[in-house]
Structure formats: structure tokens, C-alpha cells
Amino acid sequence: MNVVILDRAERAEEFAAAILLSQIRNEPFSKLGLATGRTMEGIYSHLVQANRDGLDFSQLLTFNLDEYVDLSPIDVCSYRYYMNEYLFDETNIEPENTFIPRGNPISLQQEVQEFRNKLREVGSIDVQLLGIGENGHIGFNEPPSLFGSETRVVTLSDETRMQNLDAFGGVLEDVPKRAITMGIKTILEAKKLVLVATGRHKSQAVHDAVEGPLRASLPASAIQLHHDVWVILDEAAAQDLNLTAYYRSHTKNNQLAEEYRTFITKYMR
Ligand code: F6R
């Protein structure tokens, strides 16, 4: 596992963006797995800038991890709206190449099935971006989530609903109780995982995901089963890790990490 610890959140966002951007540069037809949330906002601003600077996104296919049940795509609190606002409307990604489950379909089961079918049809996602919840969720795979789970409808924990309260004007009743999410198995099928966490409030979940035992009650620990994982952190989110000296020296000596650093100085600053 590649654990990269950077001095502040902006550097972590930049590094994560560099992984995505070098992927797009090398393979303009890439399939990207995307996430929403506060952590992703800075990452998407780098993608928007790169697109403005001439990097073409028109051949990309994108798949989002999740969507709230009952919210329509034009609801300002929906993840479709978020993605349009932070990335899709600001770049030349083709709208028909962006896939996010609909939160208010006629049949949820059919929506789930169609999303599963679409993922199967296109094959593996090249790079899957992940945030992490304070309770260790990835996507909306709440504890406990089976490592064999696929895209499905889930019940959101009260903890997660509280974490997302701000987006709903502070009214808990307005935060949906269910979501559609890619499953853990689906996430692990991506060729590369990039998990990004910033801030002290994430440090326990990061420790449990990276160094703790594998368990359904800490869904993010499933990343330990993958063969190509990048965990990008700021110092605050790395605070509870035990093996930081090792991670730092590994990053220093890692050829690919060096390439991402070069990418940043060459194309992003
Ligand atoms: C949302 C998603 C979630 C978030 C996580 C962290 O699409 O996948 O797992 O990544 O809840 O959210 P923030 O970044 O807002 O702390």
C-alpha cells in the first residue's frame, strides 16, 4: 500500500488530482470512478483547471459511487447536482458519458440493476477515487458492509446523516435515510484505488482502514485486499497511524510517487 502524507490538505488534494490527471493524459479514454463530499472539492478544482489548460476530457467515462434515494437529479442536495457543479459543467466531459444512479427512479431495483449492468458492460474502472467517513464508510457502504457487496440500496447511519447535515440546511429530517451505492466488491474491481482523507476527524478511521484488521464493521479496511492502493493524507489525518516513518521513506523511494511529484511541478503549478 502506498500511504502518502503531505503537510496540508491542499497538497493532498493536489497529489490525488495528479494521479487522476496523469491517468487522463496517458489514456484519454479512461474510466474514472468518482466520489462526492468536501474532500473532493479541491481535487475537482485541479481537474477543471487542467481541462481549461487544454487537457481533453471528452473521451472519459465516469461512474459515481453513490446517490441519495428520493432526491431528483436537479435537487441541489443530490450528488448529480454536486458533480455538475464541481466538475461536469465546468469541463468538456460529455454528459452522456457520466453515470450516477438516479435517486428517484420509478423502480429502485431496476436502477440498481441498470447501474450494475453498465459497469459490467464497460469493464474495470481505471482509477477509483474514494473519500472515507468518520465511521469508516467508503461510498455509502456503512458499517457493517459485506466485502462481497455489489451496487445496492442501503440505509444510512444516523452518524453519516449528521455528518452531511450542513448540505441540508441543518435539518436532520431532510437528510435522506437511504442511498444507492456501489458495493465493496465493485469498488475493489477497479484497477487502482485512490483514497483521500484530510483533517483530524478522519484520523481514527484512516488508522483502522490502513492498519486495523479487516472487518465488515470498518468497510474501508477492505482496501487492504487490493493490489494497487494510494492513500493520500494530510498530517492531521495521518496522526493515528503507527507506521508513518515507513510510509514516508517508502514514498521517498517510490518511482511512481516521484513521477506524480514531477507531474505536479510540470503541469499543475
Ligand atoms: C460520497 C462518498 C463518501 C464520502 C465520505 C467523506 O460520494 O463516497 O464516502 O467520500 O463521506 O465525505 P467528506 O469528504 O465530505 O468528508
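All values reported here derive from a predicted model rather than from experimental measurement.

J.: Tell me about the pattern of salt bridges, and please be specific about residues and values.
T.: Summed over all chains, the structure comprises 16 salt bridges. The closest approach of N and O atoms between E111 and R102, which form a salt bridge, is 2.7 Å. Look at E111 and you get buried, because its relative accessible area is 7%. For the salt bridge of R261 with E258, the shortest nitrogen-to-oxygen distance reads 3.0 Å. With R261 and E258 both in helix α9 (residues 255-268), this residue pair falls 3 residues apart, about one helical turn. When its relative accessible area of 38% is taken as the criterion, E258 is described as partly exposed. Through salt bridges with shared partners, one network takes in R11, E14 and R269.

J.: Can you explain the site of the ligand? Please cite residues and give values.
T.: By nearness alone, 13 residues border the ligand, and T36, T39, D66, H137 and K202 come closest of all. At 2.4 Å from an oxygen atom of the ligand is found a side-chain nitrogen or oxygen belonging to T39. Contact between the ligand and D66: an oxygen atom at 2.7 Å from a side-chain N or O atom of the residue. Summarising the interface, the protein chains cover 95% of the accessible area of the ligand, which totals 410 Å² for the free molecule. Per-class residue counts for the shell around the ligand are 4 nonpolar, 6 polar and 3 charged.

J.: Tell me about the sheet that holds strand β6 (residues 127-130), and please be specific about residues and values.
T.: Across the sheet, 7 strands lie side by side as β1-β10-β9-β6-β2-β3-β5; this open sheet has parallel pairing. Two strands in the sheet have a free side with no partner beyond their single neighbour: β1 (2-6) and β5 (98-99). Where β1 lies against strand β10 (residues 229-234), 5 bridges are found, and the strand directions are parallel. Following the sheet pairing, I5 is matched in β10 by L233. Sheet strands touched by helix α2 (residues 38-52): β2 (31-34), β6 and β9 (192-197). Its angle to β6, the strand with the most contacts, is close to 135 degrees.

J.: Run through the pairing of β2, naming residues and quoting values.
T.: What you see with β2 is no split at all: K31 and G33 on one side and L32 and L34 on the other are buried throughout. In this sheet, strand β3 (residues 61-64) lies alongside β2 in parallel orientation, the contact comprising 4 bridges. Paired with L34 across the strands is N64, a residue of β3. In terms of handedness, the path from β2 via α2 over to β3 forms a crossover that is right-handed. Across 2 bridges, β2 lies against β6 in parallel orientation. Directly across from G33, in β6, lies its bridge partner Q128.

J.: An account of the nonpolar core is needed here, citing residue identities and associated values.
T.: One recurring pattern in soluble globular proteins: nonpolar side chains tend to sit buried together. Membership of the largest hydrophobic core comes to 74 residues, with the highest contact counts inside it found for F15 and I232. Ranked by residues supplied to this core, first place goes to helix α1 (residues 9-26) with 9 residues. Residue contacts for F15: discarding those within four places in its chain leaves V4, L6, W230, I232, A257, Y260, R261 and I264. Judged by nonpolar contacts, the second largest core, of 11 residues, contains Y68, C77, Y79 and V175.

J.: Now, about the side chain of S78: what can you tell me, with residues and values included?
T.: Checked against the element boundaries, S78 lands in the loop between β4 (66-68) and α3 (79-86). Exposure remark for S78: the relative accessible area of 1% places this residue in the buried category. Among residues more than four places away in sequence, those in contact with S78 are E67, L71, S72 and P73.

J.: Lay out the environment of A216 with the relevant residues and their values.
T.: Mapped onto the secondary structure, A216 falls in the loop between α7 (203-211) and β10. Separated by 17 residues in the primary sequence, A216 and G199 have C-alpha atoms spaced 24 Å apart. In this structure A216 touches P143, P144, S145 and F147, once residues within four positions along its chain are discounted.

J.: Tell me what's going on with the confidence of the model for the protein chain, and back it up with residues and numbers.
T.: Averaged over the protein chain, the pLDDT score is 98; the fraction of residues at 70 or greater is 100%. Within the protein chain, no element has a lower average pLDDT than helix α5 (residues 158-163), which sits at 96, and none a higher one than β9, at 99.

J.: Outline the packing of α2 against α3, supporting the account with residue identities and numerical values.
T.: Axis separation between α2 and α3 bottoms out at 10 Å; the angle between their running directions is 40 degrees. Here α2 lies oblique to α3, going by the angle between them. Facing M40, E41, Y44 and V48 of α2, the residues of α3 in contact are Y82, M83 and Y86. Per-class residue counts for the contact of α2 with α3 are 6 nonpolar, no polar and 1 charged.

The rules behind each value
- Residues numbered from 1 in each chain as written.
- Predicted model: local features only at pLDDT ≥ 70, side-chain atom pairs only at ≥ 80, totals over all residues.
- Heavy atoms only, no water.
- Salt bridge = Lys/Arg side-chain N within 4 Å of Asp/Glu carboxyl O.
- Buried < 20%, exposed > 50% of the residue type's maximum accessible area, 1.4 Å probe, protein only.
- Helix = DSSP H or I, 4+ residues; strand = E, 2+ residues; numbered from the N terminus.
- Near = heavy atom within 4 Å.
- Polar contact = N/O pair within 3.5 Å; in protein donor to acceptor, adjacent residues only side chain to side chain.
- Areas by Shrake-Rupley, 256 points an atom, 1.4 Å probe, with all protein chains shown as cover.
- Nonpolar A, V, L, I, M, F, W, Y, C, P; charged D, E, K, R; others polar.
- Pairing = 2+ DSSP bridges.
- Contact = heavy atoms within 4.5 Å.
- Axes fitted to C-alpha atoms, helices over the stretch in contact; angles between N-to-C directions.
- Right-handed = clockwise from strand over helix to strand, strands pointing away.
- Core = buried A, V, L, I, M, F, W, Y, C linked by side-chain atoms within 4.5 Å.
- pLDDT = per-residue confidence, 0-100.
- Parallel < 35°, antiparallel > 145°, perpendicular 65-115°, else oblique.

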